[in-house]
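Now for the letters of each chain:
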Amino acid sequence: MLDRTLRAHRNLSREQRQALAEVVFNVGLWRRRLGFLLGNPDAPAPALLFAFLHGLAGVSAGEAARLAGVPAPLDLVSEEPPSLALRYSLPDWLAEHFSRELGSSAGDFCAHLNVPGPITLRVNRFRTNREALEHRLRSEGVETRPGSLSSLALHVVGPRPNLYGLTSLREGLFEVQDEGSQLLGLLVEARPGETVLDLCAGAGGKTLQLGADMENRGRLLAYDPDAERLDRLLQRSARAGLSIVQVLRAPPEGVLADRVLVDAPCSELGSLRRGPDLRFRLEPSSLSVLPREQHDILLRARRLVRPGGRLVYATCTVNRAENEAVVLGFLREAPEFRLVPPGAGWLDPSCVRDGFLFCAPHLHGTDGFFAAVLERGDG
């Protein structure tokens, strides 16, 4: 809908187009609270737009009515929404889940889901370093500041730039990647000359990070059941200057890797701030169905880690059933592995919870991520 509207109004300035995009995003995001303000959960789009402009954005009633295309200002409910779900525009079941998972901090977490995440870049340290990239981006009109958790991170400061138009991106100097996501790759601690396997590679953002950590020396294997994603990974690898990436078109068998990353398919509750509709498309059943798939993937990974090697299990969700419970169940079946402290010596202690990595928007400004670092005994 947004694309159609923008195409129909090509005379809009860049600032007007950006404002329109933000309004459409926010109406979609806040639809439950807007329905509460209107006293009608099924209110039509113009009414929702009025409720957002006047009730949440503070635009005067008359101006909000004009911009929304309603005949006259509408009456809005004055009291505060009575539930977490209505206050932060979430499905009831999801708000209840966050309350169980996070207790007294659930409200703070949910509030941060309704604030756009920062634009974060990961320096390709095979080709440059963070300081040099910061200066290069400034010369291209993009201001950044270093991240505080990942030594590879730069946060974009100011208005959202057209990153994909930058020469520095075309030269493979950086990738767009959340700072919490960067921590997952860093936990692998991949080294030059090793054999490293990314078992759920997707389009390969973390694969590229591992390749840079390996200084393009060794053997870097990437598997994903989505062949199109693997094709994109090969294109991105070439741009990043990495020649050691080998995509696997079938599940790996007979491989013994020094390090294996399992960035498992998950319910993605940690990245809900990235899109207004994500929370409404989720099914409650995914929270109980996915752990079985995740457990099976870990058992597959078990056979691929050499003695003395490392296995990192990670998700971008906030659900103990997909996180801690999966890992502890795996350890009961795989006694040759042990849980080790994540990021000893470099990871900010605030990112460690009960021996696992856990970062979240209300605590660290990142998306929500979980990771466990497992090491296999030498025997």
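Residues numbered from 1 in each chain as written. Predicted model: local features only at pLDDT ≥ 70, side-chain atom pairs only at ≥ 80, totals over all residues. Heavy atoms only, no water.

### Notes on the overall build of the protein chain
And step 1. Scanning the protein chain for helices and strands turns up 17 helices and 13 strands.
And step 2. Over its C-alpha atoms the protein chain spans a radius of gyration of 23 Å, differing by no more than 12% from the 21 Å that the globule rule assigns to 379 residues.
And step 3. Burial status across the protein chain gives 52% buried among its 379 residues.
And step 4. Counting only contacts in the protein chain whose residues sit at least 6 apart along the sequence, the fraction spanning at least 24 positions is 70%.
And step 5. Of the roughly 17100 Å² of accessible surface on the protein chain, a fraction of 51% belongs to carbon and sulfur atoms.
And step 6. On the protein chain, the mean spot of the 45 positive side-chain charges and the mean spot of the 46 negative ones are 3 Å from each other. (Helix = DSSP H or I, 4+ residues; strand = E, 2+ residues; numbered from the N terminus. Rg over C-alpha atoms; globule rule 2.2 N^0.38 Å. Buried < 20%, exposed > 50% of the residue type's maximum accessible area, 1.4 Å probe, protein only. Contact = heavy atoms within 4.5 Å. Areas by Shrake-Rupley, 256 points an atom, 1.4 Å probe, with all protein chains shown as cover. Lys, Arg positive; Asp, Glu negative; His and termini not counted. Charge placed at Lys NZ, Arg CZ, Asp CG, Glu CD.)

### A few points about the side chain of Thr144
And step 1. Mapped onto the elements of the fold, Thr144 is located in strand E2 (residues 143-146).
And step 2. On the basis of relative accessible area, Thr144 is assigned to the buried category, the value being 6%.

### Let's talk about the pattern of salt bridges
And step 1. Counted according to the given criterion, the structure contains 29 salt bridges.
And step 2. In this structure, the salt-bridge partner of Arg306 is Asp258, at a minimum N-O distance of 2.4 Å. Taken together, the residues span a long stretch of sequence, with Arg306 in strand E9 (residues 305-315) and Asp258 in strand E8 (residues 257-263) at a distance of 48 residues.
And step 3. Given the relative accessible area of 28%, Arg306 is considered partly exposed. (Salt bridge = Lys/Arg side-chain N within 4 Å of Asp/Glu carboxyl O.)

### Considerations on helix H7 (residues 92-102)
And step 1. Every buried residue of H7 is listed here: Leu94, Ala95, His97, Phe98, Glu101 and Leu102. End-on, the buried residues of H7 take up no more than an arc of 155°, which puts them together on one face.
And step 2. Lining the buried residues of H7 we find helix H6 (84-87), helix H8 (106-113), helix H14 (278-281), helix H15 (286-302) and strand E12 (356-359).
And step 3. Once H7 ends, the next one or two residues include Gly103, with phi positive near 60°. (Arc of directions from axis to C-beta.)

### A closer look at the pairing of strand E13 (residues 369-376)
Strand residues, when the strand is regular, have side chains that alternate between the two faces of the sheet.
And step 1. The element E13 is largely enclosed, with a buried count of six among its eight residues.
And step 2. Two elements, E9 and E13, share six bridges in a ladder whose sense is antiparallel. Its bridge partner being in E13, Tyr313 is matched across the sheet by Ala372.
And step 3. Pairing analysis gives four bridges linking strand E10 (residues 337-340) to E13, with the strands arranged antiparallel. Directly across from Leu339, in E13, lies its bridge partner Leu374. (Pairing = 2+ DSSP bridges.)

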